[in-house]
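Per-entry structural report
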Amino acid sequence: MLEEKITELKRELIGFATLVERMIEKSVKGLHEKKRESLLEVIEKDEPKTNALEISMDALCASMIAQFEPKAKDLRIALMVAKMSSDLERMGDHAVNIAESALFLTEKPLVKPLVDIPKMAEVTIKMLKDSISSFIEENSKLAKEVCERDNTVDELKDKILSELITLMSQDPSTIERSLHLLRISGNLERIADLSTNICEDVIYMTEGKVIKHQSKNW
Amino acid sequence: MESTILTIEDFSAYFGTNQVLNNVNLSVAQKKVTAIMGPSGCGKTTLIRCINRMHELVPAAQVSGRILLHDKNLYSMNPIIVRRKIGMVFQKPNPFPTMSIYDNVIAGYKLNGIRIGKREKDEIVEESLKRAALWGEVKDNLHRKGTFLSGGQQQRLCIARALAMHPEILLLDEPTSALDPKATAHIEELIAELKKQVTIIIVTHNIAQAARISDFTAFIYLGELVEYGTSEKMFTVPKDKRTEEYLTGKFG
Amino acid sequence: MSEHTLSLRIIKDRGFKTLVILFSFITIVPLLFILFHIIKNGIGVINWQFLTSLPKPVGEVGGGIANAIVGTFILIVMSCMLSIPLGVSAGIYLSERREGWLASLVRLSVDILQGIPSIVMGILAYAWVVLSLGTFSAFSGSVALGIMMLPIIVRSTEETLKLIPEMLKEASLSLGVPYYRTVLRVILPAGASGIVTGILLSVARVAGETAPLLFTAFGSPFMDVNIFKPVNSLPLVIFNYATSPYPSWHQLAWGASLVLVGMVLTLNFSAKLVTKRWKVQF
């Protein structure tokens, strides 16, 4: 009874995460390949789905706690899944932001060849995928490792920032486009942060240890 | 969508002039566990006793309204037939003390004078004890009297006895309130298995138990059906204020 | 509390305990005396011939109580046949119905019946049966004895069945078993020990009744198994022989007494055994 409920919870969360992954992929790909339809899909179709999913996951966690009075790890699973689902919903919002900026940029010529943003997107999406894997497998080692990759993402964001600053100071006509690119990189960085949140939740869930709000040097 | 096996329509029950149930309307889903919860004396036991027509055995008992099993009114059927289609397990385990375990299981046939061959009897005994998760523990002692069994085992024997009649619905009247936690857990697991084959209606005053094992829950208070819905919703977002108060321990 | 008062209390306490134990012991004494006396006087008379031959007229040597033993047996069997179905049924009815006019009436009748003197029973049986049949008979004797057995059987059946938990009945009814079958095949078997004990005790009670038999069974020197003829019985033998002027018959009376007492004791012990072995624990 309780086990079935937990299985259901995990299944729903995985489905939610898969949706969000696709949203990010579509947004970045849409930017790269200038595909307006997929960008619009993210904004109009996918985002409402994430909202609905967050609400239903909340109800699922609440009913699991009310009906089964879970203890120890089972309780941590219920609580953390609720948090993860709200993190996933925020990731969805960030993906929408990326899509919106991408929509603007599809109409315009490139400011510079897209190298770092796709790289950033690749690392970020892998972080999200692996954080969900660590949840499914209850693998706290993987979760810790994913948290470390956040540094890479931060470094990439800083690199993009400094490059674009140089560009903007040289040629003011690139400012609007650069700002959108900055917005995209900022949102990707936030998605990576939220993935580390998920990993911290997984570590709490599996080990009962809280590693939040600590410096990233361990 | 679940199909409905039992419909209770505008049903009221009385002991003489004392009204115990007031206008209850309820549809019980087939092959699911429906819990009936409420504080002591609210009428929940009376309700299930009306379903298998045991209520009318008390002098001055009266009922009004209908209870339909697959669209047939139970109150226009022969009560004996009703009780063979709807089995009951009581709060305190009550195996027949003068009979062996074997005879207890087929008591429904034996006492009714229904003749069946030895092979068929053996099959029914084995099948029922297996369904009640008791076979392994008693298969070498079938011809001993049931009194040496523990409380939990006796209760499972009573469940086997009821199941042997192949009822469509099994009524459980606080089946674990006289048992220790381990035996209670056994029976709850058993219920989760049984519901795949039999519709189960369980009366309990233990809110946590109702929440754990039921698919649907009805809350009865002072003879009235206050709320009825899926257990998922009932225990997180009850609709009626009285349900909310009962669940948070304000009374009962 | 002063020392003096305290030691006085202790003395009173001990005194009381001693008195209670002493009196309890004294109550055993009559039984011991009775048994001793009967055995002493009767044992010499008991032999195979005594138990198997018919009474002989006065003056003749020998004679036995064979027909009395058989007669007592016949009387008991017949009075059981009359009283058990009625008594057990009434007991079942009373245990099911606590209130109601019929139940109260039955209870009242049973209580009053218990108090009617045995000799009055005898006279009544004489008036109803002996006069209608035109002869003394074993049948009239068993009518009298049967009526005397009724109250005990009714009461013990009722009390036994009341002790059976309601849930046993409910378990059976919930399986779709009709009421009459529930009573016959679940409740009665569960109460069997108490009911049988009641029957045994009522038999022990009437086995030695003399007065009702005086004008019903009447006694006879012959061995007769026809229930519509007079029949001899142990209490009658004792009465007749003991009140006779012949010492040899007095001896026979002692022998018959020993047999009768032996029978009653056996019944009482059997009742205890039945309770112990068959009693169902709830």
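Residues numbered from 1 in each chain as written. Chains lettered and ligands numbered in written order. Predicted model: local features only at pLDDT ≥ 70, side-chain atom pairs only at ≥ 80, totals over all residues.

Our next topic: the overall build of chain A. The helix and strand inventory of chain A stands at 6 helices and 0 strands. The helix and strand sequence of chain A, counted from the amino end, reads α-α-α-α-α-α. By its C-alpha atoms, chain A is 60 × 40 × 20 Å across when sized along the principal axes. For chain A, buried positions account for 39% of its 218 residues. Across chain A, the fraction of contacts at a sequence separation of at least 24, relative to all contacts at a separation of at least 6, is 81%. (Helix = DSSP H or I, 4+ residues; strand = E, 2+ residues; numbered from the N terminus. Buried ≥ 20, exposed ≤ 12 C-beta atoms within 10 Å, placed from the backbone. Contact = placed C-beta atoms within 7 Å.)

Next up on the list: the overall build of chain C. Across its full length, chain C holds 12 helices and 0 strands. Reading the helices (α) and strands (β) of chain C from amino to carboxyl end gives α-α-α-α-α-α-α-α-α-α-α-α. The C-alpha atoms of chain C give 24 Å as radius of gyration, which overshoots the globular expectation for 282 residues (19 Å, by more than 25%). Taken along its principal axes, the extent of the C-alpha atoms in chain C is 70 × 70 × 35 Å. Looking at chain C as a whole, 38% of its 282 residues qualify as buried. Look at the contacts in chain C between residues 6 or more apart in sequence, and 74% of them connect residues 24 or more apart. (Rg over C-alpha atoms; globule rule 2.2 N^0.38 Å.)

Of note in this structure, A:Ala72 is not a glycine but carries a positive phi near 50°. Mapped onto the fold, A:Ala72 is located in helix α3 (residues 72-106). The residue B:Glu174 is not glycine, and still its phi comes out positive at about 45°. In this fold, B:Glu174 is placed in the loop between β7 (169-173) and α8 (181-194).

On to the interface of chain B and chain A. At the junction of the two partners, chain B supplies 9 residues and chain A supplies 8 residues. Where the side of chain B that touches chain A is concerned, the elements lending two or more residues are α9 (207-213) and α10 (231-234) of chain B. For the side of chain B that touches chain A, the element with the highest residue contribution is α9(B), accounting for 4 residues.

It is worth spelling out the interface of chain B and chain C at this point. In this complex, chain B contributes 19 residues to the contact, which on the side of chain C involves 17 residues. At the level of elements, α2 (79-85), β6 (86-89) and α4 (107-111) of chain B are the ones that each hand at least two residues to the side of chain B that touches chain C. Residues that form the side of chain B that touches chain C fall into these classes: 10 nonpolar, 6 polar and 3 charged. (Nonpolar A, V, L, I, M, F, W, Y, C, P; charged D, E, K, R; others polar.)

All names here are of chain B. Taken in spatial order, the 4 strands of this open sheet run β2-β1-β4-β5, and their pairing is antiparallel. On the outer flanks of this sheet lie β2 (18-29) and β5 (72-73), each paired with one strand and no other. With 8 bridges joining them, strand β1 (residues 4-15) and strand β4 (residues 61-69) adopt antiparallel strand pairing. When the sheet's bridge partners are listed, Ala13 is paired in β4 with Val63. Across the sheet, helix α1 (residues 44-51) lies against β1, β2 and β4, angled at about 65° from β2, the strand it touches most. (Pairing = 2+ DSSP bridges. Axes fitted to C-alpha atoms, helices over the stretch in contact; angles between N-to-C directions.)

Let's shift gears to the arrangement of the chains. Ranking by contact count across 2 pairs of chains in contact places chains B and C at the top. Taking C-alpha atoms as the reference, chain A and chain C come no closer than 30 Å and do not contact one another.

Once that is clear, we can look at the sheet that holds strand β3 (residues 33-37) of chain B. Residues and elements named next belong to chain B. Taking strand neighbours across the sheet as the criterion, the 6 strands line up as β6-β7-β8-β3-β9-β10 in an open arrangement whose pairing is mixed. Lying at the two open borders of the sheet, with one neighbouring strand each, are β6 and β10 (224-230). Strand-to-strand twist across the sheet, computed as the mean angle between neighbouring axes with direction ignored, equals 20°. Examined bridge by bridge, β7 and strand β8 (residues 199-204) share 5 bridges and lie parallel to one another. Residue pairing across strands places Asp173 opposite Val203, the latter belonging to β8.

All names here are of chain B. Residue alternation in β6 divides its side chains into two sets, Ile86 and Met88 and Gly87 and Val89, and both sets are buried. Examined bridge by bridge, β6 and β7 share 4 bridges and lie parallel to one another. By the bridge assignment, Val89 is partnered in β7 with Leu172.

Grouped together as the largest cluster of nonpolar side chains are 77 residues, with contacts concentrated most on B:Ile36, B:Ala160 and B:Leu171. It is helix α7 (residues 151-163) of chain B that provides the largest number of residues to this core, a total of 6 residues. Residue contacts for B:Leu171: discarding those within four places in its chain leaves B:Ile48, B:Ile51, B:Asn52, B:Ile86, B:Gly87, B:Met88 and B:Ile201. Grouped together as the second largest cluster of nonpolar side chains are 57 residues, A:Val28, A:Ala192, A:Leu194 and A:Ile203 included. (Core = buried A, V, L, I, M, F, W, Y, C linked by C-beta atoms within 7 Å.)

The subject of this paragraph is the pairing of β3(B). Residue and element names in this part refer to chain B. For β3, the tally of buried residues reaches 5 of 5 residues, placing the bulk of the element in the interior. The two faces of β3 match: Val33, Ala35 and Met37 on one face and Thr34 and Ile36 on the other face are all buried. As paired elements, β3 and β8 share 5 bridges and run parallel to each other. Its bridge partner lying in β8, Val33 is registered against Ile200.

In this section: the packing of helix α9 (residues 192-207) of chain C against helix α12 (residues 247-278) of chain C. Two numbers describe a pair of packed helices, the interaxial angle and the distance between the axes. Residue and element names in this part refer to chain C. Close contact between α9 and α12 brings their axes to 9 Å; oriented N to C, the two are set at 170°. In terms of their interaxial angle, α9 and α12 are classed as roughly antiparallel. Counted together, Ala192, Ser193, Val196, Thr197, Leu200, Leu201, Val203, Ala204 and Ala207 of α9 and Leu260, Met263, Val264, Leu267, Asn268, Ser270, Ala271, Val274, Thr275 and Trp278 of α12 form the full contact between these two elements. When grouped by side-chain class, the residues that make up the contact of α9 with α12 number 14 nonpolar, 5 polar and no charged. (Parallel < 35°, antiparallel > 145°, perpendicular 65-115°, else oblique.)

Residues and elements named next belong to chain A. Along the polypeptide, Pro109 turns up in the loop between α3 and α4 (116-137). Judged by the 7 C-beta atoms lying within 10 Å of it, Pro109 falls in the exposed class. Separated by 68 residues in the primary sequence, Pro109 and Arg177 have C-alpha atoms spaced 9.1 Å apart.

Bringing α8(B) into the picture now. Residues and elements named next belong to chain B. For α8, which comprises 14 residues, the first-to-last C-alpha distance of 20 Å matches the rise-based estimate of 20 Å (1.5 Å per residue) to within 8%. Burial in α8 covers these residues: Ile187, Ile191 and Leu194. Projected down its long axis, α8 carries its buried residues within an arc of 65°, all on one side. Residues of α8 that are exposed and angled more than 90 degrees away from the buried face: Pro181, Lys182 and Glu193. (Expected span 1.5 Å × (residues − 1). Arc of directions from axis to C-beta.)

The next thing to look at is the environment of B:Cys50. All names here are of chain B. Secondary-structure assignment places Cys50 in helix α1. The sequence separation of Cys50 and Lys241 amounts to 191 residues, and the corresponding C-alpha distance is 27 Å. Sequence-distant contacts of Cys50, defined by excluding residues within four places in its chain, comprise Phe11, Ala13, His55, Val63 and Ile67.

Tracing the chain through its elements places C:Phe222 in the loop between α10 (211-214) and α11 (234-242). For C:Phe222 and C:Val203, which are 19 residues apart along the polypeptide, the C-alpha to C-alpha distance reads 24 Å.

Now for the packing of helix α1 (residues 3-42) of chain C against α12(C). Residues and elements named next belong to chain C. For the pair α1 and α12, interaxial distance at closest approach is 8 Å and the crossing angle is 130°. Taken together, α1 and α12 sit at an angle that is classed as oblique. Both α1 and α12 take part in a crossing whose hand is left-handed. When α1 is examined against α12, the residues Ile38, Ile39, Asn41 and Gly42 are found in contact with a partner set consisting of Trp254, Gly255, Ser257, Leu258 and Val261. Residues belonging to the contact of α1 with α12 are distributed by class as follows: 5 nonpolar, 4 polar and no charged. (Left-handed = near helix turned anticlockwise from the far one by under 90°.)

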